[in-house]
Amino acid sequence: MDGIVTSIRMGSRGNDYRYTVMWPDRVIQMRSAVPLDLHDRIDIDGKFEAPYTNAKQPHGKASNAECDALIGKFSKSVGIRGNMPRSIGKKIDEFIDADATAIESCAIALLEAYVSGAPIMVRFHNDGDGSTGAIALYRAFSFIGKKFFADENANVYWNMNKSIAYSDDSLFADESIFNSYKSIRKPVILLTDFGTTYESENAIKKASGKYSMIWIDHHPVYDGFPYADSDFYINPWTSGMDSNICAGVITTSIAEKLAPEIDFTLFKKAALDSDHSKYSTHTEKAHDLALVLDSLTANDRIGYQDKRITPRYLDQTITDSESFARVLNSASAQITESLDIGIKNAKRRITKSGIATYVLDYKAVADRRFEYIKQGRYTTKLQDRFEEINGLKTITIVYYRNYISVRVNRGISDSINLLGIIAKLKESVEYIQNGGGHNEAASIKVDYGETDSVLHLLLRELIAI
């Protein structure tokens, strides 16, 4: 039976082109001495062995309907399982069950794009929550790809993001990759653990309809956010739940659909631990994995040496026992030392209702140039330490250069309404560039030189509570 060309990755010369060709029972990625185009019906002259440079001349074109039927049939043979992902808790099971259709649809869209050769861009936030989902997808694609492709992740691209916004620049970078492809299935953009922010709106609207967008989030959704412009938008806030169902759990559940043979339970637990979810199991293995991933994704030195941190690099590090132990021990020591600095230097204020508010100039920590310590995650750990010392009615603020990080104890976060305070400040202060997150953990980015002014206004709002 004829194979059908479903994707072309173009090169500088014709013989550099890579073609994805599908049959009902197999798919190959090949180069060809004979120029090919999408929908071409072809046969291979000889055995199915890499690099498949001996395609015969095309003999006809397949219709769009025939291509769709072939991709669907082949994808089903690879298999998306309808089973529930492995359980890690009742509340999370309830969410996964309620969103089972969306999770399975995401998995099918990813699988069909992957096997048919359409480019896939996976962007993940640079922390333990974002990276667990990315590594799970990497493992799932590799598991499938080993059955068919010489390069298991040939058409999948990875980008770790410090920002939680999908900007015009991000879209431009993705399009520079997509423009080197012709594919029957749309290119896919998957965003995991990004924030639902105003800064993403323009790029979302530009990408809508042109690309297949999968957005996995667990941040509060503001009124008017155009999530309907995404093909798939999965967020516990739209299902009556909250941020405690973290993005890593959702993304890993999608990976589990792609490769149910792989047990991703530890990844889900590490995502919950990294994001301080109330559903965290607090197991030692999950805590250690979360700490290592948080540390690796915070390490700018690795990013400088290796150009960028990829799921492949992260996976290699966490599966090598010596590398894992080295990062774990070093990160633990740095956290202990940096927290001692924070406790010594933080200034204490008391709100009108008796809430202890600690304020720290992060410069004392930044000057030590710790390898695995970054302001946001440090603020979370410092908040944990102050809660141990002071009790649960605690707020921690850490500021440095043009960033202010705020953490609020979960038990008082509703009464504080941190996101409401930030929104109020944004409306009245023109030099706040952006701000958001959760009511328990948020950040504010301001113009350089204006940090002290915004900090003063923020403290005035909090002290009055």
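Anything mentioned here points back to the structure above.
Just so it is clear, the structure is predicted and the values come from calculations on it, not from any experiment.

## With respect to the overall build of the chain
Thinking step 1. Scanning the chain for helices and strands turns up 17 helices and 16 strands.
Thinking step 2. Its C-alpha atoms give the chain a radius of gyration of 24 Å, near enough to 23 Å, the size a compact globule of 465 residues would have.
Thinking step 3. Counting across all 465 residues of the chain, residues that qualify as buried make up 55%.
Thinking step 4. Sequence separation of 24 or more characterises 64% of the internal contacts of the chain that already satisfy a separation of 6 or more.
Thinking step 5. When the accessible surface of the chain is summed, it comes to about 20,200 Å², and 48% of that surface belongs to carbon and sulfur atoms.
Thinking step 6. For the chain, the distance from the average position of its 56 positive side-chain charges to the average position of its 61 negative side-chain charges is 2 Å.

## Description of the pairing of strand β9 (residues 212–216)
Thinking step 1. Along β9, 5 of the 5 residues are buried, which leaves the element largely enclosed by surrounding structure.
Thinking step 2. Residue alternation in β9 divides its side chains into two sets, S212, I214 and I216 and M213 and W215, and both sets are buried.
Thinking step 3. Across 3 bridges, the pairing between β9 and strand β10 (residues 232–234) is parallel. The partner of W215 across the bridge, within β10, is Y233.

## Points about empty space enclosed by the protein
Thinking step 1. Applying the stated criterion across every chain, the model contains 4 cavities of 30 Å³ or more.
Thinking step 2. Here the largest cavity defines a volume of roughly 100 Å³.
Thinking step 3. As for the largest cavity, its lining consists of L291, D294, S295, I335, S338, L339, Y372, I373, K374, R377, Y378 and K381.
Thinking step 4. A class-by-class count of the residues in the lining of the largest cavity yields 6 nonpolar, 2 polar and 4 charged.

## A few points about the nonpolar core
Thinking step 1. Judged by nonpolar contacts, the single largest core of 103 residues is most densely connected at L110, I120, L137, F141 and L258.
Thinking step 2. When near neighbours in sequence (up to four residues on either side) are disregarded, L258 contacts G79, I80, A107, L111, L137, A140, F141 and I144.
Thinking step 3. Core analysis: the second largest hydrophobic core is formed by 25 residues, I395, Y399, I404 and V406 among them.

## Let's talk about the side chain of T252
Thinking step 1. In this fold, T252 is placed in helix α7 (residues 247–258).
Thinking step 2. In this structure T252 comes out as buried when scored by relative accessible area, which is 0%.
Thinking step 3. Not counting residues up to four positions away in its chain, the partners in contact with T252 are T132, G133, A136, F264, F267 and K268.

## Looking at α7
Thinking step 1. Over its 12 residues, α7 extends 17 Å from the first C-alpha to the last, a length consistent with the 16 Å expected when each residue adds 1.5 Å.
Thinking step 2. Burial of α7 is extensive: 12 of the 12 residues sit out of reach of the surface.
Thinking step 3. The complete set of buried residues in α7 reads A247, G248, V249, I250, T251, T252, S253, I254, A255, E256, K257 and L258.

Calculation notes
- Residues numbered from 1 in each chain as written.
- Predicted model: local features only at pLDDT ≥ 70, side-chain atom pairs only at ≥ 80, totals over all residues.
- Heavy atoms only, no water.
- Helix = DSSP H or I, 4+ residues; strand = E, 2+ residues; numbered from the N terminus.
- Rg over C-alpha atoms; globule rule 2.2 N^0.38 Å.
- Buried < 20%, exposed > 50% of the residue type's maximum accessible area, 1.4 Å probe, protein only.
- Contact = heavy atoms within 4.5 Å.
- Areas by Shrake-Rupley, 256 points an atom, 1.4 Å probe, with all protein chains shown as cover.
- Lys, Arg positive; Asp, Glu negative; His and termini not counted.
- Charge placed at Lys NZ, Arg CZ, Asp CG, Glu CD.
- Pairing = 2+ DSSP bridges.
- 1 Å grid on protein atoms, 1.4 Å probe; cavity = no way out; pocket = protein on both sides within 12 Å on 5 of 7 lines; lining within 4 Å.
- Points joined across faces, edges and corners; volume = space filled by probe spheres on them.
- Nonpolar A, V, L, I, M, F, W, Y, C, P; charged D, E, K, R; others polar.
- Core = buried A, V, L, I, M, F, W, Y, C linked by side-chain atoms within 4.5 Å.
- Expected span 1.5 Å × (residues − 1).

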